[in-house]
Amino acid sequence: MAAQRLDERAPFGAGPNAAQAAIEHLGYVQIDTINVIERCHHHILFSRIPDYSRADLAQLQSQSKSIFEYWTHALSYVPSADFRFFGAAMQKFRDTPSTWFGSVTTAEVKAMTQRLLNEGPLSIRDIEDDVLVEKTHAWGSKKPSKRVLQLMFFQGLVTISERAGMLKTYELTHRHFEWQTPPRRATEQQTANYLLDRALKAQGFVSLASVCHLNAGMKKAASEAIEARVRRKQLVAVALEGAEKIAHWAKPETLETEHSIDPELVHILSPFDPLIILRKRLEMVFDYSHVFEAYVPAAKRKYGYFALPVLIGDRVAAVVDLKTDRSTKTLKVQHFVWRETPTAESKAAIDAELGRFESFQLRG
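Rules of the game
- Residues numbered from 1 in each chain as written.
- Predicted model: local features only at pLDDT ≥ 70, side-chain atom pairs only at ≥ 80, totals over all residues.
- Heavy atoms only, no water.
- Helix = DSSP H or I, 4+ residues; strand = E, 2+ residues; numbered from the N terminus.
- Rg over C-alpha atoms; globule rule 2.2 N^0.38 Å.
- Buried < 20%, exposed > 50% of the residue type's maximum accessible area, 1.4 Å probe, protein only.
- Contact = heavy atoms within 4.5 Å.
- Areas by Shrake-Rupley, 256 points an atom, 1.4 Å probe, with all protein chains shown as cover.
- Lys, Arg positive; Asp, Glu negative; His and termini not counted.
- Charge placed at Lys NZ, Arg CZ, Asp CG, Glu CD.
- Axes fitted to C-alpha atoms, helices over the stretch in contact; angles between N-to-C directions.
- Parallel < 35°, antiparallel > 145°, perpendicular 65-115°, else oblique.
- Left-handed = near helix turned anticlockwise from the far one by under 90°.
- Nonpolar A, V, L, I, M, F, W, Y, C, P; charged D, E, K, R; others polar.
- Pairing = 2+ DSSP bridges.
- Phe/Tyr/Trp six-rings, centres within 6.5 Å; stacked < 30°, edge-to-face > 60°.
- Expected span 1.5 Å × (residues − 1).
- Polar contact = N/O pair within 3.5 Å; in protein donor to acceptor, adjacent residues only side chain to side chain.

Asker: Describe in detail the overall build of the chain, supporting the description with residues and values.
Answerer: Looking only at helices and strands, one finds 14 helices and 13 strands in the chain. Whereas a compact globule of 364 residues would reach a radius of gyration of roughly 21 Å, the chain reaches 22 Å, a difference of no more than 12%. Expressed as lengths along the three principal axes of its C-alpha atoms, the size of the chain is roughly 65 × 60 × 40 Å. Counting the 364 residues in the chain, one finds 49% classified as buried. Sequence-distant contacts in the chain: of pairs separated by 6 or more residues, those separated by 24 or more amount to 60%. Of the accessible surface of the chain, which amounts to about 18,400 Å², a share of 52% is contributed by carbon and sulfur atoms. In the chain, 47 positive and 43 negative side-chain charges are present, and the distance between their average locations comes to 5 Å.

Quick look at the structure:
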């Protein structure tokens, strides 16, 4: 809880600097297109910054340029200072583009590069001369240029310089960051240590799976980084009750630090919050198994279409399915399930947090 900075109400302060500090501490903040309630990148930051404003994130991305978008385990906001640790992934997309991008050619990439040089940053809406094609999947586009830009994004040739909702504006990476030369690409060993440090900061204690979440290709290098630190006594092995067969490690100073958490502090968390997204770890620590039930048939749902875990202190005390009705400016509770016998204080604390969350959802 302390590593996730959910042990107090406002650990990062307020304003753009708070959003920057939160992203740097967590290592990444996941981006998602689902808009049942507030999109998860804003929700995650709000959970740790009570006075968070959506404009704070836009300022960091487009003005100070201190964060950028790239793929971690999913599309995420990442500190720009960490750009070099994604260089190997970008190079892989240049060497062997995924079949997801279909028949994008080198000539198309060169043509789009020249167009950006001539016209400046572009969104897909700015491109009006495409010969439209049929969509190949529900999330696709009839404009071939979109797939070209997507490939260039993964190759690191362009970055997303601005985001308005889900509309992305693409700019040449070197021009966006005003680089004379790009950051030097990190080695595999450096990247493994980066992933390990990122996990230790945001998780407190780690397993190999939590360090390399959905990144199996880095497990060997990360395992070697862990073993090296254990030999130097910078990490110690720890056992998690009920999961003794899974190896975990922590810094000695982490185990020596005492923390206190307000037992009535309430957080309504996004299903994509970094505390929630590591599902197996969540179940081991909190005895709560979260399923994203939007993909579950309605008749089989236990908690609801867009269920959100509710923390009270350090317990997942309830799960609430919420939906924002923007026409009536209300936050609707579709379903509410207690996972413990509630006290009057717990009920009042959750009611107050739902009111605060509703205000955030509906303010401009």
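Moving on from the model shown.
Asker: Explain the packing of helix H8 (residues 188–203) against helix H10 (residues 219–231) to me, using residue names and the numbers behind them.
Answerer: Two elements in contact, H8 and H10, have axes separated by 8 Å at closest approach and are oriented at 70°. One way to sum up the angle between H8 and H10 is to call them roughly perpendicular. Handedness of the crossing formed by H8 with H10: right-handed. In this structure, H8 contributes Glu-188, Ala-192, Asn-193, Leu-196, Asp-197 and Leu-200 to the contact, and H10 contributes Ala-221, Ala-222, Ala-225, Ile-226 and Arg-229. By residue class, the composition of the contact of H8 with H10 is 7 nonpolar, 1 polar and 3 charged.

Asker: Now, about the sheet that holds strand S5 (residues 158–164): what can you tell me, with residues and values included?
Answerer: The strand order S4-S6-S5 describes an open sheet built from 3 strands, whose pairing is antiparallel. Where the open sheet ends on each side, the last strands, each with one partner, are strand S4 (122–123) and S5. Examined bridge by bridge, S5 and strand S6 (residues 167–172) share 6 bridges and lie antiparallel to one another. Counterpart to Arg-163 in the pairing with S6 is Lys-168. Packed on one face of the sheet, helix H5 (residues 106–119) meets S4, S5 and S6 and runs near 90° to S6. Packed onto the sheet, helix H6 (residues 144–154) meets S5 and S6 and runs at close to 115° relative to S5.

Asker: Describe the packing of aromatic side chains, listing the residues and the values that go with them.
Answerer: Applying the stated criterion to the full structure yields 21 aromatic pairs. Pairing Trp-71 with Phe-154 gives two aromatic rings, centres 6.1 Å apart and planes at 50°, and the pair type is tilted. Here Trp-71, found in strand S2 (residues 67–71), pairs with Phe-154, found in helix H6; they are 83 residues apart in sequence, far enough to count as distant. A relative accessible area of 43% places Trp-71 in the partly exposed class. By relative accessible area, which is 16% here, Phe-154 ends up buried.

Asker: Before we move on, can you summarise the packing of helix H1 (residues 16–26) against helix H3 (residues 54–62) with the specific residues and values?
Answerer: Close contact between H1 and H3 brings their axes to 8 Å; oriented N to C, the two are set at 70°. With respect to their mutual orientation, H1 and H3 come out roughly perpendicular. Seen from H1, the contacting residues are Pro-16, Ala-19, Gln-20 and Ile-23; seen from H3, they are Asp-56, Leu-57, Gln-59 and Leu-60. Class assignment of the residues belonging to the contact of H1 with H3 gives a composition of 5 nonpolar, 2 polar and 1 charged.

Asker: Could you give an account of H10, with specific residues and numbers?
Answerer: Look at H10: 18 Å from first C-alpha to last across 13 residues, which is about the 18 Å you get at 1.5 Å a residue. Buried residues along H10 sit in contact with H8, helix H9 (208–211) and strand S9 (248–250). Residue Lys-233 follows H10 closely and has a positive phi angle near 65°.

Asker: Any chance you could break down the side chain of Asp-325 for me, citing the residues and the numbers?
Answerer: Assignment of secondary structure puts Asp-325 in strand S12 (residues 315–325). From its side chain, Asp-325 meets the backbone nitrogen of Thr-328 in a polar contact 3.3 Å long. Within polar-contact distance, the side chain of Asp-325 engages the side chain of Lys-332 at 3.3 Å. The residues touching Asp-325, leaving out its near neighbours within four places in the chain, are Thr-330, Lys-332 and Leu-362.

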